[in-house]
Amino acid sequence: MRFYVPEWDDAVDAGYDFEFDELSELDREERTLDYIWDVFEDPEEQTPIDGVLISREQVEETDRKARRLKEYGVHGNGEPSDSSVDEPALSIPEWMPTISDCGAWGYKSLPFPPYGNQEMLEFYETLGVDIGVTIDHLVLGSGKDKGRLYLDSRAFGDGFSKKDLPEQLTDVVDLMIDEWPSEWPPYVMEYEPTICTESDEAIDLFTAETFAGDVDSVLSRLETDSRAVYRSDDKQFRYDLTLRNAAEMYDLYEEGDYPFRLMVAIQGWTPWSYVEAAEQVLDTGYDYLGIGGVAGSPIHNVRKIVKAVGRTITQFEREHATRVDPHVFGFAKTDAFETIGRSGMASFDSASMLRSAWTGGRNYRLTAEERYDAIRVRYPSSRDDLATAVKKTVRGREALVALRAYAEEESIIDALDEWENEAETVLPATREYLQEHRHASQFDESLLQDVETAFRDGNDADETTVAFEQARALQAYFSGELRNKLVKLLRKDDPESSVPIEEYDELLTVAEEQFESVPRIASMLDEQEDSYDQIWTIISEYARYIGDDDLLEEYQRTLKARPWEQCDCPICDEHGVEVCIFRGNDRNRRRGFHNTHQFYNEFAESLPKILIATQGTDRLDQYETVEEYLRSEHSAFWEQVHDLPVAEVGVLTEEGVHEWWDETPSGNSFDLDSTADGLGRQTTRYQHLFVHTLEANLDDAIVDAVEGSSCTLHTFDDAAKLRVEALSTCGRNYVAGDDFLPHAPELATEDGLNILVIDQCSGSKEIPNDARVFDADETLHQSREHLLGHPYAPEIAAGDLYTGRQQKYVTEAVRRLKNEGHTVDRHFISAGFGLVSSDDRLPPYEVTFSSMNVSEIRFRSEQLNIQSDVEQLLAESDYDVVFFTLGKDYYTSIDIDEMVQQVPADRIGVVFNRELVDGQFENIVSVPARTDDAKEHGTIVVGLKGLYMKNFSRRIGEVDVLTPDLIEELCRRLDEEPTQKRLNGVNNE
């Protein structure tokens, strides 16, 4: 499975000066820019992405970027037809796959995609990408009551603006206002000929009269208006248009001889609408299918869609003995890896790991569960006057100096003293330099950037130029605003029309006064010996000063953990604490690269990088495609591997593994040295290589090359055994049952079931009258053993302590299940003591989660290790079925929606009132247990889950095979008229 990152100009200055916060070159075009594939020592082995997604929207962000990409291509190796074209905009390595799409999010407010199918095919060919994507139109729903109205923003002017639109229209119609293209693609003429005007035709402006009258009259009038498009069911239109484009582009692609692979993008709004789209495009002939429109969707919706589409594709693969590669656009969440893997997804893309570095809290990722807030050391605002800018810069510099000393375990006080001594020399040196050099010819430049470069760096080509050696310190210690103002004076200054030296002096005096006015933070540290106490004093003072006091709790967590020391990525290894400082592009984007690296490691651990191949023969070049060759010449191998998830599949050639969808390579000699060399390079990106051998073992050179790339080699002469081992490598859930696809478990009951019950404590308890009852603070801060030592604290087994209605019903159920030969292990989540077994001895206490808010529940749960203890219990227990008989607050204490994912696919988990779980996990069933259900069963809500378990215990003997749906039936079936209905007079005689 491959992970792609969208290209959004995510580059850093390779020579950035972290000490002085200075760019290597002031002119961006002269800097060496590093993208994520440039920053690692061994890019092909270490780069934490498998490919790049390039949207046309981003390509055409500026004319200059578009021109450079079209001339040089995405790999930067094209030959420009125009010698005036600059350097390549991108130089993506040749080994890295590239996808290009239209960027549907960018034109979602337009009535039609602004591109035509033939135009996009030519665009992809020009860019030189490996994969092009069909034109889709994001399905946004149908709009408000009367649908959706599109308006051309160019038709609004001073006389009538968007805010002048009548409320009676905006209340019932979903408005989409955007600037329309000057020329629509030809296909638009079939749908809306009135908007297909000449590109140079003047646009009449809207007036109040345009929207006068009742809504229906307005909409009717706009149907023939070149500035408007109205649809009553825009959702269906976008869906149908996306499928039309897919069919038309496929035909054009087949007629042409394009060097890239074509992926179809599908849209939808429910799992079944996606399935219908998938079925249609599979019948068209597509073998690469992208699921669009799920970016930003709740994870439970994405799981349902991905599973439905995945099941459809796998069924198609098996019916046609072929293979299809599915892709998920704009989605990458670690807790969805299981779903996208078992559903057969081949690739996905997301920029969220990069963006998370600067778009929210906990923006430094150590693991999926362990994230930290980078310490914000802010630059002055562009709105700040010089005095404020200098003061903010001085305070920020103190924080930076202290953070570096803390990270290096050096004396913070000494570091601050050393910096202050150095800073005191900068302004006098600036005065001296300006007095001597302000009229130098090196400053006779019209561009401010050139003057600043001469001031900072001098001119290597002119030995007479004199750079100011402390120009970097001047900006770093006293603000870019100060340096910028001085540079502006230098450009203005001329021997013939001299700027008075007093103007320079006035600026420097402001800086001196602000520097002197800032309290010396080092003096506050004299009585603190611990380095953490010192750094906390500095950072907390700075955060309060700058207005980030709401982040202090997170900062404290970061400084205590020192996460930059725990990370082994090359970025943190080189830059250390700088990656954990929130400050400017060159730190923040590097942190984004780090986050992506950490995510990629988690991805590779959850979904191992697997390559599967069979040995090629001299008959390979007799076929047009690798798939045709494998189906004909290696049918037993193809039958076993063509539907496998996660892995890439192909044939072993002298270039390495040639994937199944590609054309066969020509002139393949199967030279062993070439094969070993190609395979050795290729397998640096993989953890496992499975090879189906034909007659003999692989040559030693090939074995050495693969093992030398740290890839584990598996060889099999039996393709069926290869399949089993490959699935086992993906994880235990891939070999649970008869199929790797998510499916409901079927458990035989004949020999008894192993049942785990995770119950909750109750407010009602069996407590002797004279017993000491402990409160929330005592149970949290004192051990259970210590409290049991109190002279008036009796020891009571948890199973006997809790006497609520639910707990009594569950006790009866447990007793009956055991009597019928089932093994039952019961635990309780106690708000006082965490996870306890029914036999654990507890002192009397009075604590319940029902009196706490969500944050209090989560805090107490963390202190009591409830979630981690339940995870450990699930991991270590040998159960067939687990019942979570918990209420809402107790579900919060264990994060139930995450916890159910710990239940293996071949076991059943039972929860109550968690409808979001339905459809996400085939092995989890949510049983309704609300007020109406309680009335149906003649009880009250607090006892219903226990009654359900009692029902289950009475009826389990009726079934030979247990499924999740059958558990719900056994729990909820009504054998007789419930008590409450009789009491309410129903059927009373």
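Everything here concerns the structure above.
It should be emphasised that the depicted structure is a prediction, and the values quoted were computed from it without experimental measurement.

Rules used throughout
Residues numbered from 1 in each chain as written. Predicted model: local features only at pLDDT ≥ 70, side-chain atom pairs only at ≥ 80, totals over all residues. Heavy atoms only, no water. Disulfide = S-S within 2.5 Å. Buried < 20%, exposed > 50% of the residue type's maximum accessible area, 1.4 Å probe, protein only. Patch = residues over 30% accessible without salt bridge, like charges linked within 9 Å, V, L, I, M, F, W, Y side chains within 5 Å. Areas by Shrake-Rupley, 256 points an atom, 1.4 Å probe, with all protein chains shown as cover. Salt bridge = Lys/Arg side-chain N within 4 Å of Asp/Glu carboxyl O. Lys, Arg positive; Asp, Glu negative; His and termini not counted. Charge placed at Lys NZ, Arg CZ, Asp CG, Glu CD. Helix = DSSP H or I, 4+ residues; strand = E, 2+ residues; numbered from the N terminus. 1 Å grid on protein atoms, 1.4 Å probe; cavity = no way out; pocket = protein on both sides within 12 Å on 5 of 7 lines; lining within 4 Å. Points joined across faces, edges and corners; volume = space filled by probe spheres on them. Domains from an automatic or database assignment. Polar contact = N/O pair within 3.5 Å; in protein donor to acceptor, adjacent residues only side chain to side chain. Contact = heavy atoms within 4.5 Å.

Engineer: Before we go on, may I ask you to explain the state of the cysteines in this structure?
Structural biologist: Covalently bonding the sulfur atom of one cysteine to the sulfur atom of another cysteine gives a disulfide. On inspection of all chains with the given rule, the structure shows zero disulfides. Cysteine Cys-196 is unpaired, with the sulfur of Cys-102 as its nearest cysteine sulfur at 18 Å. By relative accessible area, which is 25% here, Cys-196 ends up partly exposed.

Engineer: Would you explain a negative patch on the surface in this entry?
Structural biologist: A cluster of like negative charges, contributed by Glu-19, Glu-408, Glu-410, Asp-414, Asp-417, Glu-418, Glu-422, Asp-526 and Glu-527, occupies part of the molecular surface. Along the chain, Glu-410 falls in the loop between helix H13 (386-407) and helix H14 (412-437).

Engineer: When you look at empty space enclosed by the protein in this model, what are you seeing that I'm missing?
Structural biologist: Rolled over the atoms, a probe sized like a water molecule indicates the empty space that remains. Applying the stated criterion across every chain, the model contains five cavities of 30 Å³ or more. Lining the largest cavity are 18 residues; nearest its centre among them are Glu-338, Arg-342, Asn-733, Phe-921 and Asn-923. At the level of secondary structure, the elements contributing two or more residues to the lining of the largest cavity comprise helix H10 (299-320) and helix H11 (337-342). Two domains each donate at least three residues to the lining of the largest cavity, and these are domain 1 (2-9 + 51-139 + 237-357) and domain 5 (747-972).

Engineer: Explain the side chain of Ser-762 to me, please; I cannot follow it from the model alone.
Structural biologist: Within the secondary structure, Ser-762 is located in the loop between strand E24 (754-760) and helix H29 (776-781). From its side chain, Ser-762 meets the backbone nitrogen of Gly-804 in a polar contact 3.3 Å long. Apart from the residues lying within four places of it in its own chain, the contact partners of Ser-762 are Tyr-802, Thr-803, Gly-804 and Gln-807.

Engineer: How should I be thinking about the pattern of salt bridges in this particular structure?
Structural biologist: Taken as a whole and assessed by the stated rule, the structure comprises 68 salt bridges. Residue Arg-148 is joined to Asp-174 by a salt bridge in which the shortest nitrogen-to-oxygen separation is 2.9 Å. Of this pair, Arg-148 sits in strand E7 (residues 148-152) while Asp-174 sits in strand E8 (residues 174-178), and the two are 26 residues apart along the sequence. When sorted by exposure, Arg-148 lands in the same class as Asp-174, which is buried. The shortest N-O distance in the salt bridge between Arg-914 and Asp-897 comes to 3.1 Å. With Arg-914 in the loop between strand E30 (908-912) and strand E31 (924-927) and Asp-897 in helix H36 (residues 896-899), the pair connects residues that are 17 residues apart, well separated along the chain. Where salt bridges share partners, they join Asp-17, Glu-22, Glu-452, Arg-456, Asp-457, Arg-472 and Arg-483 into one cluster.

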